[in-house]
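Understanding the architecture of this molecule
Below are the chains, spelled out letter by letter.
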Amino acid sequence: MVAVVVVVDRGGPIGGALASRIVDDAGRVIFLDGNEHAVERASDAGVDARTVDSGRAGVFDGDGIERADLGLVVSPEDGHNLLVGQFLRLRGVERVVGLVNDPANLDAFAGAGIEPVCATSTLTGVLDARRREPRVGVRSGTTETTVEPHETDEPSRTDDRERLRSDGGRVRPSG
């Protein structure tokens with residue numbers, strides 16, 4: 001059974017939504033958040049959710065967290081994500097992925113052994129890909145014009161076996 005730890009503290013809707021989406025695919029999801037309402041929503045979705053102060057290292061002792069295969073740290077604060085990611089790494093979590101809001105912090109996360117996912121780079125990559133997608137059925141004055149799709153150097157959708165790099169590119173897993 002895969003244990004997934006989703007850690008969010010100091011608000012934000014990402015962690016609860018993520019935990020609710022992956023609970024059916026993962027063996028176990030443990031959602032830790034400082035916001036009681038977020039914990040209640042995740043719990044209603046079938047997630048093992050707890051209200052905690054994830055800024056304290058002792059929060060990560062026990063409860064199967066040390067056996068987790070994956071830790072996801074997705075608060076809106078880079079400093080907090082880095083700290084919590086380091087706590088999880090110290091507890092033996094094999095793979096830790098952390099949300100990075102400021103691209104200037106990417107090296108700090110990578111240097112700490114935390115796989116960074118940069119919100120800014122990912123969003124700009126997605127917006128750029130959408131900007132380059134053709135618009136079908138565009139009305140020009142009173143005449144309807146249909147634009148034929150064209151090839152771009154970046155696919156607009158990611159298949160399930162691909163993942164986004166922090167710079168918005170895509171990587172196929174090896175094997």
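Quick look at the structure, then. In this text the structure is predicted, and so the values were computed from the model without any measurement.

**Observations regarding the environment of V117**
With respect to the element layout, V117 can be found in strand β6 (residues 115-118). In sequence terms V117 and P103 are 14 residues apart; their C-alpha atoms lie 9.4 Å from each other.

**Observations regarding the pairing of strand β4 (residues 70-73)**
Side chains of β4 alternate between two faces, with L70 and L72 and G71 and V73 buried alike. Of the crossover connections in this fold, the one passing from β4 over helix α3 (residues 78-90) to the parallel strand β5 (residues 95-100) is right-handed.

**Re helix α2 (residues 36-44)**
Buried within α2 we find A38, V39 and A42. Across the axial projection of α2, the buried residues extend over an arc of 100 degrees, all falling on one side. Exposed residues lying more than 90 degrees from the buried face of α2 are E36, H37, R41 and D44. On its buried face, α2 sits against α1 (14-22), β2 (28-33) and β3 (48-51). Sitting at the amino-terminal end of α2 is N35, which places a side-chain oxygen 2.8 Å from the backbone nitrogen of H37. A positive backbone phi angle near 95 degrees is found at G46, which sits one or two residues after α2.

**A few points about the pattern of salt bridges**
A full pass over the atoms with the stated rule returns 5 salt bridges. D48 is the salt-bridge partner of R28, the closest N and O atoms lying 3.2 Å from each other. You can see R28 sitting in strand β2 and its partner D48 sitting in strand β3, a full 20 residues away along the chain. When its relative accessible area of 27% is taken as the criterion, R28 is described as partly exposed. By relative accessible area, which is 28% here, D48 ends up partly exposed. Two residues, D128 and R132, come together in a salt bridge whose shortest N-O distance is 3.4 Å. Note that D128 and R132 are positioned in helix α5 (residues 119-132) at a spacing of 4 residues, about one turn of the helix. What makes D128 partly exposed here is its relative accessible area of 28%. Looking at R132, the relative accessible area reads 22%, which means it is partly exposed.

Procedures and definitions
- Residues numbered from 1 in each chain as written.
- Predicted model: local features only at pLDDT ≥ 70, side-chain atom pairs only at ≥ 80, totals over all residues.
- Heavy atoms only, no water.
- Helix = DSSP H or I, 4+ residues; strand = E, 2+ residues; numbered from the N terminus.
- Buried < 20%, exposed > 50% of the residue type's maximum accessible area, 1.4 Å probe, protein only.
- Right-handed = clockwise from strand over helix to strand, strands pointing away.
- Arc of directions from axis to C-beta.
- Contact = heavy atoms within 4.5 Å.
- Polar contact = N/O pair within 3.5 Å; in protein donor to acceptor, adjacent residues only side chain to side chain.
- Salt bridge = Lys/Arg side-chain N within 4 Å of Asp/Glu carboxyl O.

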